[in-house]
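Spelled out from the first residue to the last, the chains are:
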Amino acid sequence: MTATDTGTSWVLPDQVFDGETLFENLAIAYSDGRVSKIVAAQNIPDGANAKGLAGIVSPGFVDLQVNGGNSVLFNQEPTSDGIAKIAAAHRGFGTVKLLPTLITDAPKVLENAVDAVLDSISDSAILGIHIEGPHISTARKGTHAARFVRPLDDATFSQIRRLREKNIPVMITVAPEAATNTDITKFCELGVVVSIGHSDATAKVTNAALDAGAICFTHLFNAMSPMQGREPGVVGAAINSGAHIGIICDGIHVADEMVALAIRARPVQKRMFLVSDAMPTVGGSKEFNLYGETVSLKGGCLVNQNGNLAGAHTTMFQSIGRLVNRVGIALEEALRMATSVPLNLMHAGNSTSPMLIGMDLEDVVVFDTDLSSIRHLTTALKAD
């Protein structure tokens, strides 16, 4: 090989995950602050500026359900500054792209949240928005406030149109009980990712919503009708479907055994993805206000004053570690669940090349092979 181009540097990690596959003996080239190519380690140019790096290099994580962080709850601070604080908190734990998530609230709060996302979309960390409610089932509302739950209305359509006119990705969680199949189809025609959640529907009703265009399920097992012998419910319909499914893997919201069962039972692969469902305690204080009530972090659980679960206190990196070390999922699959699968669901992935190619070095992470610690590649290159 001839000498490398001036300005191109190379790093040789123990392993490289490119968004799809986990490799050994690869070298990563970077220039102008971006990954430019990935080649076999033995094929780096003669005289290249290359250095070894302990650990696994991977694209940073993509989280499609982030309620808060850095002591900020999106519902309480639906502003561009609030979004920036939330994103900064999660970046510290390896999440480089996210959907700020607004849970059930008043119409004015949704309007403010949409304004905030429109103001923040130049930030590469902000993929769009996840609107989780208010069009859900009161029977499966979870910690969402019943006083704000309502059938789908024109106000929500109006706000979503504002986002889609700017081509901003939108995910909306709805229950079939609160949104007709015609409504679901209308959302799909706007390019919205419709996710079924907070629903007490039967499998038959759920499947009809899928036929209408819903392509996702929100935090499997939580706030949805369970799978039973004679009635599969939303859970059974989800697992049996070809839709994408988000799942919380913190050992609290879903038992590890059930996470494993769901992943292994899917008829179509690469359709499960991790979400944190994170609240303001990630990178923040141990308490926050939700609907005027105090939610506290106790023994790793976030509970409201009635002792009910109120969101999660976990990160994507912790979730990957649990998937691998406790659930028994291969690291390659766990990493896909935190990177390319959610990104492709939101139509934000590049199917023509590995996810890692072209990424800003600030959005690339490196972590120990035992999944004990993580840092951004830029930090690792400066330190090593």
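Here, the structure is the one placed above.
These numbers come from a predicted model, not from an experiment. (Residues numbered from 1 in each chain as written. Predicted model: local features only at pLDDT ≥ 70, side-chain atom pairs only at ≥ 80, totals over all residues. Heavy atoms only, no water.)

A. Examining empty space enclosed by the protein more closely. With the rule as written, the count across this model stands at two cavities of 30 Å³ or more. Surrounding the largest cavity, L64, Q65, H130, M171, S195, C216, F217, T218, H219, G246, F273 and V275 form its lining. Residues of the lining of the largest cavity, tallied by class, amount to six nonpolar, six polar and no charged. Each pocket or cavity is described by its volume, and for the second largest cavity that value is around 30 Å³. L102, I103, D105, A106, L110, I131, G133, P134 and R150 are the residues that line the second largest cavity. Partitioned by chemical class, the residues of the lining of the second largest cavity number six nonpolar, one polar and two charged. (1 Å grid on protein atoms, 1.4 Å probe; cavity = no way out; pocket = protein on both sides within 12 Å on 5 of 7 lines; lining within 4 Å. Points joined across faces, edges and corners; volume = space filled by probe spheres on them. Nonpolar A, V, L, I, M, F, W, Y, C, P; charged D, E, K, R; others polar.)

B. Up close: the environment of L274. Residue position: L274 is located in strand β15 (residues 272-275). Here the alpha-carbon distance between L274 and V62, two residues 212 residues apart in the chain, equals 8.7 Å. Once residues within four sequence positions are removed from consideration, L274 is found in contact with V62, I247, C249, M316, S319, I320, L323, A334, M337 and A338. (Helix = DSSP H or I, 4+ residues; strand = E, 2+ residues; numbered from the N terminus. Contact = heavy atoms within 4.5 Å.)

C. Representation of the sheet that holds strand β18 (residues 301-303) in the model. An order of β16-β17-β18 is seen for the three strands of this open sheet, with the pairing classed as antiparallel. Every interior strand has two partners, whereas the edge strands, β16 (287-290) and β18, have only one. Along the sheet, successive strands turn relative to each other by an average axial angle of 25°, direction set aside. Sheet topology note: the strand β17 (residues 293-298)/β18 ladder contains three bridges and is antiparallel. In the sheet register, K298 faces β18, and the bridge partner there is C301. (Pairing = 2+ DSSP bridges. Axes fitted to C-alpha atoms, helices over the stretch in contact; angles between N-to-C directions.)

D. A look at helix α7 (residues 256-265). Taken together, the buried positions of α7 are D256, V259, A260, A262 and I263. Burial along α7 is one-sided: seen end-on, the buried residues are contained in an arc of 165°. For α7, exposure combined with an orientation more than 90 degrees from the buried face picks out E257 and R264. Those residues of α7 that are buried lie in contact with α6 (233-240), β14 (244-248), β15, α8 (316-327) and α9 (331-338). (Buried < 20%, exposed > 50% of the residue type's maximum accessible area, 1.4 Å probe, protein only. Arc of directions from axis to C-beta.)

E. Spotlight on the layout of surface pockets. As a volume, the second largest pocket reaches approximately 450 Å³. Taken together, 26 residues make up the lining of the second largest pocket; nearest its centre are G142, T143, H144, L309 and A310. Split into classes, the residues belonging to the lining of the second largest pocket amount to eight nonpolar, 13 polar and five charged.

F. Representation of the sheet that holds strand β13 (residues 216-217) in the model. Ordered in space as β6-β9-β10-β11-β12-β13-β14-β15, the eight strands form an open sheet in which the pairing is parallel. Single-partner strands in this sheet number two, and they are β6 (61-66) and β15. Bridge count between strand β11 (residues 170-174) and strand β12 (residues 193-196): four bridges; the pairing is parallel. What sits directly across from M171, in β12, is V193.

G. Representation of the packing of α8 against α9 in the model. Between α8 and α9, the shortest axis-to-axis distance is 9 Å and the interhelical angle comes to 150°. It follows that α8 is roughly antiparallel to α9 by the angle criterion. Where α8 crosses over α9, the handedness of that crossing is right-handed. Judged by residue contacts, M316, I320, L323 and V324 of α8 engage L331, A334, L335, M337 and A338 from α9. Considered class by class, the residues forming the contact of α8 with α9 number nine nonpolar, no polar and no charged. (Parallel < 35°, antiparallel > 145°, perpendicular 65-115°, else oblique. Left-handed = near helix turned anticlockwise from the far one by under 90°.)

H. Seen up close, the packing of aromatic side chains. Here the structure, examined in full by the defined rule, presents four aromatic pairs. Measuring from ring centre to ring centre gives 6.3 Å for F61 and F317, while their planes differ by 10°; the resulting arrangement is stacked. Highlighted residues: F61 in strand β6 and F317 in helix α8, separated in sequence by 256 residues. Of the residues examined, F61 reaches a relative accessible area of 0% and is grouped as buried. Ring plane angle 50° and centroid distance 5.7 Å describe the contact between F317 and F367, whose orientation is recorded as tilted. Of the two residues, F317 is situated in helix α8 and F367 in strand β19 (residues 364-367); the sequence distance between them amounts to 50 residues. Note on F317: relative accessible area 9%, which makes it buried. (Phe/Tyr/Trp six-rings, centres within 6.5 Å; stacked < 30°, edge-to-face > 60°.)

I. Looking closely at the state of the cysteines. All told, the structure shown has zero disulfides when counted by the stated rule. Looking at C188, it has no disulfide partner, and the nearest cysteine sulfur is the one in C216, 11 Å off. The exposure class assigned to C188 is partly exposed, which follows from its relative accessible area of 25%. (Disulfide = S-S within 2.5 Å.)

J. Expanded view of the pairing of β16. On β16, burial follows the alternation: F288 and L290 on one face are buried, whereas E287 and N289 on the facing-out side are not. Hairpin remark: β16 followed by β17, antiparallel, with two residues in the connecting loop; positive phi at Y291, about 55°.

K. The arrangement of the pattern of salt bridges in detail. Applying the stated criterion to the full structure yields 11 salt bridges. The salt bridge involving R91 is made with D363; its shortest N-O contact spans 2.7 Å. Here D363 lies in the loop between α10 (340-345) and β19 and R91 lies in helix α1 (residues 80-91), a separation of 272 residues in the sequence. D363 gets classed as buried once you look at its relative accessible area, which sits at 8%. Across the salt bridge formed by R140 and D200, the nearest N and O atoms sit 2.8 Å from each other. Pair noted here: R140 is in the loop between β10 (129-132) and α3 (154-165) and D200 is in the loop between β12 and α5 (203-212), with a separation of 60 residues, a long-range link. Judged by its relative accessible area of 27%, R140 falls in the partly exposed class. For D200, a relative accessible area of 36% gives the class partly exposed. Here the salt bridges share partners, and the residues they tie into one network are E20, K270, E332 and R336. (Salt bridge = Lys/Arg side-chain N within 4 Å of Asp/Glu carboxyl O.)

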